[in-house]
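Structural features, examined
Listed below are the residues making up each chain.
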Amino acid sequence: MGDPTKQIFALVDVNNMYVSCERAFNPRLRDRPVVVLSNNDGCAVARSNEVKALGVPMGAPWFQMRDLARQHGIVGLSSNYTLYADMSNRIMAILRTYSPNVEVYSIDESFLSLNGLGGLWASPTAMGQDIRAKVAQWTSLPVCVGVGQSKTLAKLANHVAKKFPLFDSVADFTTMSDARTAWLLQRIDVGEVWGVGRRIGAKLRAMGINTVQDLKDAPPSTMRAHFGVVLERTCNELRGVSCLELEEVAPPRKEIVSSRSFGTMVMTAAELGESLSTYAARAGEKLRGQHAVCGAVHVFVQTNRFRDQDDQYSNGITIPLVEPSADNRVLAGAALHGLAMIYREGFKYKKAGIMLMDLQPDTQRQGVLFDAGRDRARSVAAMAALDALNERFGRDTVHLGSAGLVRRWAMLSENRTPRYTTNWLELPKVRAQ
DNA sequence: TCTGGGGTCCTAGGACCC
DNA sequence: TCTGGGGTCCTAGGACCC
């Protein structure tokens, strides 16, 4: 599978993930055009190929495609994220049997490192086809596989696998001739490249860079001058220079958001406050899940920006916490405090949310609080407990108590004097496990 | 009537310090 | 006449991703 000194990445991605999950459990949806809708059945968050072919863009509001839906029998489904997460976990488990190095990039995408796996398969394509067959057999979900010398190229290969039927859902740049690669890259719009969005795409086209091949041929230094280090890196990745590493362990979140659009307009601070308390609880759960506390809570409210006939208002405020916390009551309290400061009467609110910011690892005051003991055995045991904690955390654990207790304790435990404090705030902090 | 939710990184500019 | 310069931290905004 190629030179072992070179990097090889695969990107495995579920086709129309949410639609495919629904179809897996309801076969009658298989020959029908299907969209999965966002919260409140607002807009399309997933489209089947038939729906895409009808020109329905991602995020299209459901109410705007009502006519189209009637004409073509489009089925609109409310989303079921619990189901999708479960299916995602099943697929990721399968992928881990193919490579020890997997990065779960999103609910429907994973990068695999194929470094050193060359001996196991006739070719990356053979492996890709095997993945497809196994995932289909075990989950009945369709996936595409792209293989390349960088993550950006693997993403692009995945696009090729999807769009060019000739490839039968698996495309591999690492074994492709330069001529054939160039032929393909000249036929793919530059906007398909990972990291090239609407704005940068437009700017690139204005510079005469229209295809992926054009971007690959552009000098990285020029790209850096015009767009910054990110596009320079993208350009290098397209050239087969791997700049982005596999991130196997998901780094902890740096902020946690919880927000929703309301199904109907909300007018009162009381109603907004109720929603915000719910969001605070949900965000707090995630926060504690990563053993973190947050130092500030951001609250925001918005009216419906699509309603020109309504007065518009949008505001947000960040409330610092006196002490970092992950306590739902503290988070909700800060959110409500912020709400009181930004709430304006008379507006029809459409959306509200909170963002937990300044996330820090949860640290707990690590001390030992107990009676120093009336007998020798208990004092020796207590000292041993302190030693064990010091060993475990690699730092001083401090006894919380009075000078008198410590003296007595020292006497009973062979004159060893523990470090002690009478103020728990002076106890050293250790990171939650 | 009805228009998603949750993230990251980079950059520029201001404040502040020495 | 002539008015520094470098480093760091913070924030807001822009761009991207799924």
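Per chain, residue numbering runs from 1 following the sequence as it is written. Chains and ligands are labelled by the order in which they are written, letters from A for the one and numbers from 1 for the other. Local features in a predicted model are, by the rule used here, given only for residues with pLDDT of at least 70; side-chain atom pairs are given and counted only at 80 or more, and totals for whole chains, interfaces and linings are based on all residues. Excluding hydrogens and water, the side-chain figures rest on all heavy atoms present in the structure.

Going by the annotation in an unreviewed UniProt entry, the name recorded for chain A is Translesion error-prone DNA polymerase V subunit UmuC, with Janthinobacterium violaceinigrum given as the source organism. Per UniProt, chain A carries the Sequence similarities (unreviewed entry) text "Belongs to the DNA polymerase type-Y family." UniProt positions are given in the numbering used here, feature names are shortened, and annotations may be inferred rather than shown by experiment.

So, the protein's contact with DNA strand C
Here a residue counts as near a molecule or strand whenever at least one of its heavy atoms sits within 4 Å of it. For DNA strand C, the set of nearby residues contains 13 residues, the closest of which are Ser106, Lys155, Gly195, Arg199 and Ile200. Atoms of DNA strand C within 4 Å of the protein belong to the sugar or the phosphate in 100% of instances, the rest to bases. Between Gly197 and DNA strand C, the recorded distance is 3.1 Å, taken from a backbone N or O atom to a phosphate oxygen. Going through the elements one at a time, strand 5 (102-106) and helix 8 (198-206) are the ones with two or more residues in the surface near DNA strand C. Each helix is a run of H or I in the DSSP string that is no shorter than four residues. Each strand is a run of E no shorter than two, and both are numbered from the N terminus. Counting residues per element, the surface near DNA strand C draws most heavily on helix 8, which supplies three residues. Residue composition of the surface near DNA strand C, grouped by class: five nonpolar, three polar and five charged. Any pair of N or O atoms that falls within 3.5 Å is considered a polar contact. Within protein, one atom must be able to donate a hydrogen and the other to accept it, and sequence-neighbouring residues count only if both atoms are side-chain atoms. Ten residue types, Ala, Val, Leu, Ile, Met, Phe, Trp, Tyr, Cys and Pro, are classed as nonpolar, four, Asp, Glu, Lys and Arg, as charged, and the remainder, Gly among them, as polar.

Some words on the protein's contact with DNA strand B
For DNA strand B, the set of nearby residues contains 27 residues, the closest of which are Lys254, Val257, Ser259, Ser261 and Lys350. Residue Ser261 places a main-chain N or O atom 2.6 Å away from a phosphate oxygen belonging to DNA strand B. Elements supplying a minimum of two residues to the surface near DNA strand B: helix 11 (229-238), strand 9 (256-266) and strand 12 (349-361). Looking at which element gives the most residues to the surface near DNA strand B, the answer is strand 9, with seven residues. For the surface near DNA strand B, the residue count by class is 10 nonpolar, eight polar and nine charged.

Here we look at the layout of surface pockets
By rolling a water-sized probe across the atoms, one finds the places where empty space is left. Here a cavity means grid points, on a 1 Å grid over the protein atoms only, where a 1.4 Å probe fits yet cannot get out; a pocket means an open set of points with protein on both sides within 12 Å along at least five of seven lines; lining residues are those with an atom within 4 Å of a point. Grid points are joined across faces, edges and corners, and a volume is the space filled by probe spheres set on the points. Put simply, the largest pocket is a space of about 1100 Å³. In terms of lining, the largest pocket is formed by 35 residues, of which the most central are Asp13, Val14, Asn16, Lys52 and Lys162. Of all the secondary-structure elements, those providing two or more residues to the lining of the largest pocket are strand 1 (9-14), helix 1 (17-25), strand 3 (44-47), helix 2 (49-53) and helix 6 (151-163). Ranked by residue count, the leading element in the lining of the largest pocket is helix 6, at seven residues. Each residue belonging to the lining of the largest pocket can be placed in one class, and the counts come to 15 nonpolar, eight polar and 12 charged. Source of the domain bounds: an automatic or database domain assignment. When residues of the lining of the largest pocket are assigned to domains, at least three fall in each of domain 1 (1-175) and domain 2 (177-251).

Some remarks on the environment of Val143
Assignment of secondary structure puts Val143 in strand 7 (residues 143-148). In this structure, the C-alpha to C-alpha distance between Val143 and Val241, residues 98 residues apart in sequence, is 26 Å. For this analysis, residues touch if any pair of their heavy atoms sits within 4.5 Å. Apart from the residues lying within four places of it in its own chain, the contact partners of Val143 are Val12, Asp13, Val14, Asn15, Ile91, Ile131, Arg132, Val135 and Ser169.

So, helix 1
Because an α-helix packs 3.6 residues into every turn, residues spaced three or four apart end up facing the same way. The buried label goes to any residue with under 20% of its type's maximum accessible area, the exposed label to any with over 50%, and the partly exposed label to all in between, with areas taken from a 1.4 Å probe on protein chains only. Extensive coverage of helix 1 is indicated by the burial of eight of its nine residues. Every buried residue of helix 1 is accounted for by Met17, Tyr18, Val19, Ser20, Cys21, Glu22, Arg23 and Ala24.

A short note on the UniProt feature "domain: UmuC" (unreviewed entry) in chain A
In the numbering used here, UniProt assigns the feature "domain: UmuC" (unreviewed entry) to residues 9-197. Between the C-alpha atoms that bound residues 9-197 there is a distance of 22 Å. The span itself is 39% helix and 20% strand.

A word on the nonpolar core
In plain words, nonpolar cores are sets of buried Ala, Val, Leu, Ile, Met, Phe, Trp, Tyr and Cys residues tied together by side-chain atoms within 4.5 Å. In this structure, Ile91, Leu112, Leu114, Ile131 and Leu141 are the most contacted members of the largest nonpolar core, which totals 35 residues. Elements supplying a minimum of two residues to this core: strand 1, helix 1, strand 2 (34-37), strand 4 (75-78), helix 4 (81-95), helix 5 (124-139) and strand 7. Take this core: its biggest share by element is seven residues, from helix 4. If you look at the next biggest cluster of nonpolar residues, it comprises 32 residues, including Cys294, Ile342, Tyr349 and Ala352.

Remarks on the packing of aromatic side chains
Two rings from Phe, Tyr or Trp (for Trp, the six-membered ring) form a pair when their centres are within 6.5 Å of each other. A pair whose planes differ by under 30 degrees is stacked, one over 60 is edge-to-face, and the rest are tilted. Applying the stated rule across the entire model yields 12 aromatic pairs. With a centroid separation of 6.0 Å and 20° between ring planes, the pair formed by Tyr98 and Trp121 is classed as stacked. With Tyr98 in the loop between helix 4 and strand 5 and Trp121 in the loop between strand 6 (109-113) and helix 5, this residue pair connects regions lying 23 residues apart in the sequence. When its relative accessible area of 23% is taken as the criterion, Trp121 is described as partly exposed. The structure contains a cluster of three or more aromatic residues connected by ring pairs, namely Tyr313, Tyr343, Phe347 and Tyr349. Over a ring means this: the NZ of a Lys or the CZ of an Arg is within 6 Å of the ring centre and within 35 degrees of the ring normal. A cation over an aromatic ring shows up here: Lys151 above the ring of Phe111, its NZ or CZ 4.8 Å from the ring centre.

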